[in-house]
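Summary of structural features
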Amino acid sequence: MKSKLLSLPYIVWMLVFTMIPLVMIGVTAFTDNSGCFSVDAFVSAFQYTNIFLKSLWIALLSTVICLLLAYPLAYIICQMRPSTQKTVIMLMMIPMWMNFLLRIYAWVLLLQNGGPLDTLLSAIGIHGDYSNNTAAVVVGMVYEYLPFMLLPIYTVMGKIDKSLIEAAQDLGSNKASVFRRVILPLSIPGVISGITMVFVPSASTFVVAQYLGGTDDIMIGDVIDKIFFTNNHIGAALSLVLMVFILLFLVLMNKFGDEEAIA
Amino acid sequence: MKKILAIILSAVMLCSTAALFAGCGSKDAGEVNVYSWGDYFAEGQDGLMNVFDEFEKETGIKVNCTTYETNEDLYNMLKNSNVSYDVVIPSEYMVTKLIKEGMLEELNYDNIPNYQLINDRFKHLDCDPDGKYTVIYQWGVTALVYNKTKVKNEPKNWDALWDESLKGDILMFNNSRDAMAIAMQTIGINPSNCTKEDIDKACVKLREQKPLLKKYVMDQVFTEMETSQSAIAPYYAGDIAMMMEENEDLDYCLPDYGSNLFYDAMCVPTCSKNKENAEKFINFMQKPEIAAENCKYLRYGCANDEAVKLLDKDIQESELTFPSDEYLDKCYVFGNLDPEVYEYMQEQFVKIQAE
């Protein structure tokens, strides 16, 4: 009884701020301006399939790069002395205290023509355009979401029982095989939650592509933002489709994660 | 730098939302709730006067200012939320819509004596032909800004935005109404009240332009042009004046066939609970010294003849802030589009970007 009472505020919160808005989005998506049932909004929404695919592709690319960067980093940090570990993690977190938009804006300045990167590379004879393309968008996203990949992996890795590693060594494993057969399997839960925490927000992100991308770089988040300007129904339908995509992804990740945990 | 300042300032303004909500419940007569565009008043920036403080000093009425980013945000807030604002500052086409839907209060001009000082051109606005609901705040036109070192042929009109030789260096409005209007003008369609067919024609033109563009931008245009990243862009003339102060390679062009004349007008919505304070606020904003201060900050056109006299000579003579009467006669004003047509326009514009 007592625990029920304690959970009441959370249930009310979920109801008011999650369930009701979700139902409202559903209702908006399946009606037209006159309030009648209609699937027109979805017909229009599917005209943006290419943007859906592009957004998912950018999100996937960012997630993979985040993973490739964060996993070794987490491993290296775990090898350090505890006091150094704290400092390094702190250094990773400090940029996150700053506003998201400011950080993206900083990247615009870093990558622009005549900016620091361009000046540096021009000095050694390399000329090129670094901003206003898809690569710049991915760079921005990776920078934005790297801590979300690093932290779960680092936490899980740090919790691995040292005696398991020692046992493996006693039983004749070399360094590579300790990593492959002990550390890697035990850190998978961290990787799974890291992937989820990076992929989900980056698939639905907006503004980043607007700032760092060129004319062709528009993500589904930007389309939803623009469409809501005049037409709530298509906007809601787009959001629902995106939610379904993300839900599918989460289900897939969960399946994968569970199997790993069993094995 | 200026940009970062703007972001910080808007964050501060967002915080003041909290103050507004605190004020909503009370029936204290000493307040006026203003809902305006972001960064739209001189509030002590660049050594200028803080007009809200001055108003409070003179009348004892506290100003709570909240901001919106688009006319549509304003409309949705007034229509769908249970809020009480005393003064709103919509643009011309939104004023038409609000009047049509009975969402504005008639003003008592006896309480707004400074209305007399307003130039006749801006008294009986197209959106409020009987002059019952509005007092103009600022006005302006759209124009071209370009970098003299990059653009060799001096631009005459919007055609310069389709110049093949500037490929990859052109910026365009990331806003359907302005972008479509520019495309329509280049093919001789009057954009003020367009039809779906007009929009289709404009889309063809915009599709031709897309491969030539560097980016679709709004606020980003400031850094792009001020740091000579791009060659040419259309934007609001008052803002072009600001950009030109930061970068002397920049020059401007008012399209020879005229451009879009826009204005924002102060109105009292029907949800207002402090109409008298609202009228006092509107009157205060048209006090010559105050209107001049806001104009110095914004560089948009000031409709108050007495205020114009108080401005520096170089602002008074700037064609960007005050285009000539002959030029204004060539300009068109946006009408209120049928919601269906506007929806179509927005969707088509998103589709061009999404292709």
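Residues numbered from 1 in each chain as written. Chains lettered and ligands numbered in written order. Predicted model: local features only at pLDDT ≥ 70, side-chain atom pairs only at ≥ 80, totals over all residues.

Considering the overall build of chain A
Looking only at helices and strands, chain A has 12 helices and 0 strands in total. The C-alpha extent of chain A, read off along each of the three principal axes, is 75 × 70 × 30 Å. Residues counted as buried form 31% of the 263 residues belonging to chain A. Long-range contacts, defined as pairs at least 24 residues apart, comprise 74% of the intrachain contacts of chain A with a sequence gap of at least 6. (Helix = DSSP H or I, 4+ residues; strand = E, 2+ residues; numbered from the N terminus. Buried ≥ 20, exposed ≤ 12 C-beta atoms within 10 Å, placed from the backbone. Contact = placed C-beta atoms within 7 Å.)

Examining the environment of D251 of chain B
Residue and element names in this part refer to chain B. Inspection of the secondary structure puts D251 in strand β8 (residues 250-253). As for D251 and E289, which are separated by 38 residues in sequence, their C-alpha atoms are 30 Å apart. Setting aside residues up to four positions removed in sequence, D251 forms contacts with Y146 and K148.

Brief notes about the interface of chain A and chain B
With 18 residues of chain A at the interface, the matching set in chain B holds 18 residues. If you list the elements that add at least two residues to the side of chain A that touches chain B, you get α3 (49-79), α5 (100-111) and α11 (220-228) of chain A. Among the elements that line the side of chain A that touches chain B, the one with the most residues is α11 of chain A, at 3 residues. Looking at the side of chain A that touches chain B residue by residue, the classes come out as 9 nonpolar, 8 polar and 1 charged. (Nonpolar A, V, L, I, M, F, W, Y, C, P; charged D, E, K, R; others polar.)

Some points on the sheet that holds strand β3 (residues 87-88) of chain B
Taken in spatial order, the 3 strands make up an open sheet running β2-β1-β3 (chain B), and their pairing is parallel. Edge positions in the sheet fall to β2 (62-68) and β3 of chain B, since each has one partner strand and no second. (Pairing = 2+ DSSP bridges.)

Section: the confidence of the model for chain B
Residue and element names in this part refer to chain B. Across chain B, the average pLDDT comes to 89, with 92% of residues at or above 70. Of all secondary-structure elements in chain B, the lowest mean pLDDT belongs to helix α1 (residues 2-24), at 50, while helix α6 (residues 196-209) reaches the highest, 96. Scored below 50 in pLDDT, residues 17-27 makes 9 contacts in the model with residues more than four places away or belonging to other chains. Taken over the whole predicted complex, pTM reads 0.84, whereas the ipTM for its chain interfaces reads 0.85. (pLDDT = per-residue confidence, 0-100.)

Looking at the nonpolar core
In this structure, I153, V223 and L238 of chain A together with V87, V145, I232 and A265 of chain B are the most contacted members of the largest nonpolar core, which totals 159 residues. For this core, the leading source of residues is helix α7 (residues 134-158) of chain A, giving 15 residues. Excluding residues within four positions of it along the chain, I153 of chain A makes contact with A70, Y71, A74, S187, G190, V191 and G194 of chain A. (Core = buried A, V, L, I, M, F, W, Y, C linked by C-beta atoms within 7 Å.)

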